[in-house]
Structures are given as C-alpha cells and as structure tokens.
Amino acid sequence: MEKYEKLEKVGEGTYGKVYKAKDKASGQLVALKKTRLEMDEEGVPPTALREVSLLQMLSQSLYVVRLLRVEHVDSSSGSGKPHLYLVFEYLDTDLKKFIDAHRKGPDPRPLPPDQIQRFLFQILKGVDHCHGHGVLHRDLKPQNLLVDKEKGVVKIADLGLGRAFTVPLKSYTHEIVTLWYRAPEVLLGSTHYSTGVDMWSVGCIFAEMARRQALFPGDSEFQQLLHIFKLLGTPSEKQWPGVSALRDWHVYPQWEPQSLSKAVSSLGPDGVDLLTKMLTYNPADRISAKAAMDHPYFENLDKSQF
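Residues numbered from 1 in each chain as written. Predicted model: local features only at pLDDT ≥ 70, side-chain atom pairs only at ≥ 80, totals over all residues. Heavy atoms only, no water.

I keep staring at the side chain of H131 and nothing clicks. Help me out?
With respect to the helices and strands, the residue H131 is situated in helix α3 (residues 113-132). Among residues more than four places away in sequence, those in contact with H131 are L136, T195 and D198. (Helix = DSSP H or I, 4+ residues; strand = E, 2+ residues; numbered from the N terminus. Contact = heavy atoms within 4.5 Å.)

Dropping the structure here:
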C-alpha cells in the first residue's frame, strides 16, 4: 500500500473501512475500501474473486462507480489475516448530501425539475446496466449514489459485494441499516425477489429528490410497512397475489390509498405516473429500469447526452 497516501477515513462501509487516498504516482484521488475477507487455505475465496470480477465488469458503465484496481495486501505481522483493498474512483459527495444541501443550506431551495429528471435517468441507466448483467443491488439509497457535481453525473456505489462479503445487519459504526428504501416484499420476508426490489428503491429516491425528504421514513420493519400502507393503501390479494402467504404477513388495518400527487406535489402528472409504476405492490407488475427510461416523463430529455 506504499503506492497510496491515505488522506482521511471517509466512512465505514458495510464491508469495512473506506479511505480517501491519493495515488502517489499519478496524483489521482481514489477511495480505498478495505474488505474484511476470510481467506481460505488456497488464498482468496473464489466467491470473492467472482464478485470482484463482476464489479470490474459492471464498472465499465459511466453510471457505476469505477473499480480501478484490486490490491492484495498480506498482513505484516504474519499471523493477521490478509486484506483485499478495492481501489475506486473518488467522488466527494453523494445524493443524500446533495439533497440535504438543498434542504438545509443557507439557501434552501427545491432541486430543479430538469436536474431531478437527469439524475433519475442516469440512476435508471446504471440500474438497467446491472440488471442486464443479472446483478441486483439490493440496497439502493441516496447514500449509495455518488454525485460528480462538476459533470452532473450520478453513479451507483456499494454494489454487489453482498454475496461474498456476507451482509451484516448493522454497519460497523452501529449505524442501523436504513429501511426507508426497502421493497415491501423484502420487508414481508419474501426470500425470492428480483429486479423489482431495486426499482422500488429507485421510486423512493425519485420521490425524495422531489420532496427533499424521505417518502417512507420508518424506524423498524413494522413501522416501515405501516408508512407504505398508509400512503399506498393496504395491499390485497387481488392487487398482489400471494401477499398474505408471505412469511411476515399479519392482518393489517385496511387503509385506503392516498393521493401520490399530494405527497409529491412538485411532480407533474408524468412524474407521478412513473412514480406510481415504480411503487407498485406486485413486484411482477413493477416497471423495469429499461421501460422506465422510455416513459413519457423523459420525453423532453435529450437522451443522446447519456
């Protein structure tokens, strides 16, 4: 790791510490992710190698944070475990900080509608790229969407390490993992889920860009479901066949659906229609990333720039 000068610790990711660092040779800023990797006798487990090569392939997209290199560091003491460092391009802000700056700053103002539109299109492009390669993100949230302010580009981060690096329920800073963007099928204990879980999260993020605050800010799985049911109505078997057979289904109060256009008042009819299709209960009926990019909401967007 002599190649890099660590500048500061920028976070504890779900899988280990993250540092802002400088590549001494090129001067390029990078994010170093130190992964806690259980080595087996033969070295790096094949599952982890698969994850990393998948990550390298996915990061060919402009809308996924680029994995530049993977460094394997043997422990100096001899007895300690070796580590893998993943070297990513460095971006200094994320969508959560970006939205917060519009909400809390000295000059609180809404995000311009054309900016929401551009950001959402790029998020969909990144999600479609991942889904096209058979990869679900499963934890999309504003903190995982990095923003390059100069170029106006949004990139998906924290992707796909979920299988080899086993997902802990809490991150190491004891920060509770947020449930605000979690799809109802996951909250209800479904074990078979698909690309729809990411599209639900994208819907929550879309609403949050428009409102500058979370649409469903639950602090437990039960509360999270109640937030969703109170706004969208309690789901029925007719709407979502099989819902009452899911592992964590209980009998819930029967709420009527409320108006989404009231909840997200700054979105026009096309935006509300797209959001409705993302926040559809039955995962089989939820809009795909590919179809969402063709929605009339993006009609006046010059897509050739992406």
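Help me understand the sheet that holds strand β8 (residues 153-156), please; the structure alone is not making it clear to me.
Within a sheet, each strand pairs with its neighbour through backbone hydrogen bonds, oriented either parallel or antiparallel. Spatially, three strands are ordered β6-β7-β8 in an open sheet, and the strand pairing comes out antiparallel. Two strands in the sheet have a free side with no partner beyond their single neighbour: β6 (93-94) and β8. Judged from the four bridges that link them, strand β7 (residues 145-148) and β8 form a sheet pairing that is antiparallel. Considered in β8, the bridge of L145 is made with I156. (Pairing = 2+ DSSP bridges.)

I keep staring at the packing of α3 against helix α5 (residues 196-211) and nothing clicks. Help me out?
The relative placement of two packed helices is expressed as an angle between their axes plus a distance between the axes. Two elements in contact, α3 and α5, have axes separated by 11 Å at closest approach and are oriented at 170°. The angle between α3 and α5 places the two elements in the roughly antiparallel class. For the crossing formed where α3 meets α5, the hand is right-handed. The residues of α5 that touch α3, namely those facing I116, F119, L120, I123, L124, V127 and H131, are D198, M199, V202, I205, F206, M209 and A210. For the contact of α3 with α5, the per-class residue count stands at 12 nonpolar, one polar and one charged. (Axes fitted to C-alpha atoms, helices over the stretch in contact; angles between N-to-C directions. Parallel < 35°, antiparallel > 145°, perpendicular 65-115°, else oblique. Left-handed = near helix turned anticlockwise from the far one by under 90°. Nonpolar A, V, L, I, M, F, W, Y, C, P; charged D, E, K, R; others polar.)

When you look at helix α8 (residues 269-278) in this model, what are you seeing that I'm missing?
Within an α-helix, residues lying three or four positions from one another point in the same direction, as the helix has 3.6 residues per turn. Those residues of α8 lying buried are G271, V272, L274, L275 and M278. Along the axis of α8, the buried residues cluster in a sector spanning 160°; they form a single face. Looking at the packing, one finds that the buried side of α8 touches α3, α5, α7 (260-263) and α9 (289-293). (Buried < 20%, exposed > 50% of the residue type's maximum accessible area, 1.4 Å probe, protein only. Arc of directions from axis to C-beta.)

Please explain the side chain of N144 as it appears in this structure.
Within the fold, N144 resides in the loop between α3 and β7. Given a relative accessible area of 3%, N144 falls into the buried group. Apart from the residues lying within four places of it in its own chain, the contact partners of N144 are H137, D139, K155, I156, A157 and D158.

Explanation requested: the confidence of the model for the protein in the structure shown.
Caution applies to low-pLDDT parts of the model: their predicted coordinates are not meant to be read in detail. When the pLDDT values of the protein are averaged, the result is 88; 89% of them are 70 or greater. In this model, residues 163-174 is a region of pLDDT below 50 whose contacts with residues beyond four sequence positions or in other chains number 32 contacts. (pLDDT = per-residue confidence, 0-100.)

How should I be thinking about the pattern of salt bridges in this particular structure?
Note that side chains of opposite charge can pair when their charged atoms are close. One pass over the structure, following the stated rule, counts 17 salt bridges. Residue R69 pairs with E71 through a salt bridge whose shortest N-O separation is 3.8 Å. Residue E71 is classed as buried on the basis of its relative accessible area of 12%. The closest approach of N and O atoms between D128 and K290, which form a salt bridge, is 2.8 Å. Here the residue D128 occupies a position in helix α3, and K290 occupies one in helix α9, the gap between them amounting to 162 residues. Taken together, the shared-partner salt bridges in this structure form one network comprising K3, D23, R69 and E71. (Salt bridge = Lys/Arg side-chain N within 4 Å of Asp/Glu carboxyl O.)

Would you take a moment to explain the packing of aromatic side chains for this structure?
Each pair of aromatic rings is reported with the distance of its centres and the angle of its planes. Enumeration according to the criterion identifies 15 aromatic pairs in this entry. Between F229 and Y252, the ring centres sit 5.0 Å apart and the planes meet at 80°, which makes this aromatic pair edge-to-face. With F229 in helix α6 (residues 221-232) and Y252 in the loop between α6 and α7, the pair connects residues that are 23 residues apart, well separated along the chain. Geometrically, the ring pair formed by W249 and Y252 is edge-to-face, given 4.9 Å between the ring centres and 70° between the ring planes. Here the two residues W249 and Y252 agree in accessibility, since each one is buried. What links up through ring pairs into an aromatic cluster is the set W200, F216, F222, F229, W240, W249, Y252 and Y281. Above the face of the Y19 ring, K6 is positioned so that its terminal group lies 4.1 Å from the ring centre. Looking at K33, its charged tip hangs above the ring of F88, at a distance of 5.4 Å from the centre. (Phe/Tyr/Trp six-rings, centres within 6.5 Å; stacked < 30°, edge-to-face > 60°. Lys NZ or Arg CZ within 6 Å of the ring centre and 35° of its normal.)

I tried to follow the pairing of β7 on my own but got confused; where do I start?
Along a regular strand, successive side chains alternate from one face of the sheet to the other. Along β7, one buried face is formed by L145 and V147 and the opposite face, lined by L146 and D148, is buried too. As paired strands, β6 and β7 are joined by two bridges and run antiparallel to one another. Each bridged residue has a counterpart across the sheet, and for T93 the counterpart in β7 is V147. The hairpin formed by β7 and β8 contains four residues between the paired strands, and G152 there has a positive phi angle of roughly 65°.

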